[in-house]
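# Analysis of the macromolecular model
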Amino acid sequence: MSRFLAAITLPVSIVLTILVTILCSVPIILAGLIKLILPIPFIWRSVSVFCNFMMYCWCEGLAALLHLNPHLKWDIQGLETLSKKNWYLLICNHHSWADIVVLCVIFRKHIPMNKYFLKQQLAWVPFMGLACWALDMPFMRRYSRSYLIRHPERRGKDVETTRRSCEKFRAHPTTIVNFVEGSRFTPEKRQQTRSPYNNLLPPKAAGIAMALNVLGSQFDKLLDVTLCYPENDKTPFYDMLSGKLTRIVVRVNLRPIDPEMHGDYVGDKNFKRRFQLWLNTLWEEKDKQIDAIKAEYKNAGQ
């Protein structure tokens with residue numbers, strides 16, 4: 001009987017996740033069409049409120065699905081002083097597709113709805129791009145150094161794209177999320193990037209530096225989030241879907257945003273060096289924290 005239940009858990013979980021996503025995303029897409037056809041400020045604001053509500057419903061649905069796993073235990077610290085009335089810049093390590101689910105579930109009742117930095121190319125993906133646009137997700141366009149050498153007229157356009165994406169958040173409390181590694185961590189990527197960290201890829205500073213430059217004075221705090229799956233480190237997303245995920249550890253650290261963190265990341269080389277040093281130091285601390293979490297649960301299981 002237990003083998004039968006294990007065999008059907010994965011497909012049932014996938015189907016339920018897809019159903020929850022469809023039920024919440026279709027209204028968002030339809031609202032996005034209204035927003036696209038009627039570019040009127042009042043309608044745009046109303047659509048944004050509705051889309052945020054549907055995003056919250058999606059988070060609640062995911063939380064209910066995770067609750068069906070009787071083996072899953074949560075270890076969360078740092079949610080006590082958060083508020084939905086504040087502006088936050090949230091940075092986090094990126095280990096798995098499960099990270100997005102975890103962030104949505106744990107923060108849904110504590111901070112304004114998460115807005116994820118997305119690559120500009122995703123805006124053109126059918127349905128998904130429209131839904132993300134309707135949800136006011138900030139899109140980023142990054143040009144490679146080789147491209148800018150060939151097209152110097154595009155220099156600074158990526159900054160302007162990020163600036164326009166962030167300006168809309170001045171009107172209402174918002175949480176902007178950035179996975180600063182730019183990609184999910186794997187041992188292969190760690191080797192390719194020559195990462196100096198055991199559990200992380202090197203952080204990319206440009207995105208959060210630009211967000212701070214645009215909205216720095218409005219952000220109340222920096223939310224430094226560390227995610228770890230100490231008992232399911234290799235395949236947390238698959239284990240989440242198959243009901244095998246046993247523990248999620250989340251550490252939330254509220255950090256002040258000092259005035260020195262506001263500056264021209266593109267045009268001021270001294271500021272760029274200082275900002276990268278600050279972020280690299282933060283990442284060293286995060287790497288040690290993940291090592292300590294893994295060691296704690298490894299020793300507890302012995």
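Anything mentioned here points back to the structure above.
Residues numbered from 1 in each chain as written. Predicted model: local features only at pLDDT ≥ 70, side-chain atom pairs only at ≥ 80, totals over all residues. Heavy atoms only, no water.

The secondary structure content of the protein amounts to 10 helices and 8 strands. For the protein, long-range pairs separated by at least 24 residues make up 73% of all intrachain contacts whose partners lie at least 6 apart in sequence. Carbon together with sulfur atoms contributes 60% to the accessible area of the protein, which is approximately 16300 Å² in total. (Helix = DSSP H or I, 4+ residues; strand = E, 2+ residues; numbered from the N terminus. Contact = heavy atoms within 4.5 Å. Areas by Shrake-Rupley, 256 points an atom, 1.4 Å probe, with all protein chains shown as cover.)

With that out of the way, let us pick up the pattern of salt bridges. Throughout the structure, instances matching the rule amount to 9 salt bridges. Taking the shortest distance from any N to any O, the salt bridge between Glu60 and Lys109 comes out at 4.0 Å. Placement of the pair is Glu60 in helix α2 (residues 41-67) and Lys109 in the loop between α3 (98-107) and β3 (114-116), with a sequence separation of 49 residues. Exposure remark for Glu60: the relative accessible area of 26% places this residue in the partly exposed category. When the shortest N-O distance is used, the salt bridge between Arg251 and Asp75 registers 3.0 Å. With Arg251 in strand β8 (residues 247-255) and Asp75 in strand β1 (residues 73-77), the pair connects residues that are 176 residues apart, well separated along the chain. A single burial state applies to Arg251 and to Asp75, both of which are buried. Look at the salt bridges and you will find they share partners, linking Asp224, Arg255, Glu285 and Lys286 into a network. (Salt bridge = Lys/Arg side-chain N within 4 Å of Asp/Glu carboxyl O. Buried < 20%, exposed > 50% of the residue type's maximum accessible area, 1.4 Å probe, protein only.)

Phi angles above zero are rare outside glycine, and Phe127 is one such case at about 70°. If you trace the backbone, Phe127 turns up in the loop between β4 (118-119) and α4 (128-134). A relative accessible area of 61% places Phe127 in the exposed class. A positive phi angle, near 65°, is found at Asp136, a position not held by glycine. As for its placement among the helices and strands, Asp136 is situated in the loop between α4 and β5 (139-140). Looking at Asp136, the relative accessible area reads 8%, which means it is buried.

A few words on the pairing of strand β7 (residues 221-228). β7 sits mainly inside the fold: 7 of its 8 residues count as buried. Here strand β2 (residues 88-92) pairs with β7 via 5 bridges, running parallel. Paired with Ile91 across the bridge in β7 is Asp224. Pairing of β7 with β8 involves 7 bridges; the strand directions are antiparallel. When the sheet's bridge partners are listed, Leu223 is paired in β8 with Leu254. (Pairing = 2+ DSSP bridges.)

Attention now moves to the sheet that holds β1. Taken in spatial order, the 6 strands line up as β1-β8-β7-β2-β6-β3 in an open sheet, and their pairing is mixed. Two strands lie at the open edges of the sheet, namely β1 and β3, each paired on one side alone. Strand-to-strand twist across the sheet, computed as the mean angle between neighbouring axes with direction ignored, equals 25°. Here α3 sits on the sheet in contact with β1, β2, β3, β6 (175-178), β7 and β8, set at roughly 155° to β3. (Axes fitted to C-alpha atoms, helices over the stretch in contact; angles between N-to-C directions.)

The subject of this paragraph is the nonpolar core. By size, the foremost hydrophobic cluster in this structure holds 50 residues, and its most contacted members are Leu90, Leu103, Phe107 and Val225. Ranked by size, the runner-up nonpolar core spans 33 residues in total, among them Ile176, Ala205, Val214 and Ile257. (Core = buried A, V, L, I, M, F, W, Y, C linked by side-chain atoms within 4.5 Å.)

If you trace the backbone, Asn69 turns up in the loop between α2 and β1. Exposure remark for Asn69: the relative accessible area of 12% places this residue in the buried category. The contacts of Asn69, once residues within four sequence positions are left out, are Gly243, Lys244 and Leu245.

With that settled, the discussion passes to the side chain of Thr226. Note that Thr226 resides in strand β7. Taking the relative accessible area as the measure of exposure, Thr226 reaches 1% and is therefore buried. Polar side-chain contacts of Thr226 include one of 2.8 Å to the side chain of Gln289. Once residues within four sequence positions are removed from consideration, Thr226 is found in contact with Asn93, Val249, Val250, Arg251, Lys286, Gln289 and Ile290. (Polar contact = N/O pair within 3.5 Å; in protein donor to acceptor, adjacent residues only side chain to side chain.)

Attention now moves to the packing of α2 against α3. Following both chains from N to C, one finds α2 and α3 inclined at 105°, their axes separated by 9 Å at the closest point. By the angle between their axes, α2 is roughly perpendicular relative to α3. On the side of α2, the interface is formed by Met55, Trp58, Cys59, Leu62, Ala63 and Leu66, while α3 contributes Val101, Cys104 and Val105. Here the contact of α2 with α3 is composed, by residue class, of 9 nonpolar, no polar and no charged. (Parallel < 35°, antiparallel > 145°, perpendicular 65-115°, else oblique. Nonpolar A, V, L, I, M, F, W, Y, C, P; charged D, E, K, R; others polar.)

Counted according to the given criterion, the structure contains 5 aromatic pairs. When the centroid spacing of 5.6 Å and the interplanar angle of 85° are considered together, the rings of Trp44 and Trp133 count as edge-to-face. Here Trp133 lies in helix α4 and Trp44 lies in helix α2, a separation of 89 residues in the sequence. For Trp44, a relative accessible area of 33% translates into the label partly exposed. Using a relative accessible area of 23% as the deciding quantity, one classes Trp133 as partly exposed. The interplanar angle of 80° and the centroid separation of 6.1 Å between the aromatic rings of Tyr265 and Phe275 together place this pair among those described as edge-to-face. In this pair, Tyr265 sits in the loop between β8 and α10 (269-300) while Phe275 sits in helix α10, placing the two residues 10 residues apart along the sequence. In this structure, Tyr265 and Phe275 share a single accessibility class: buried. Pairwise contacts between aromatic rings join Tyr265, Phe271, Phe275 and Trp278 into one cluster. (Phe/Tyr/Trp six-rings, centres within 6.5 Å; stacked < 30°, edge-to-face > 60°.)

Just geometry here; none of it tells us what the structure is for.
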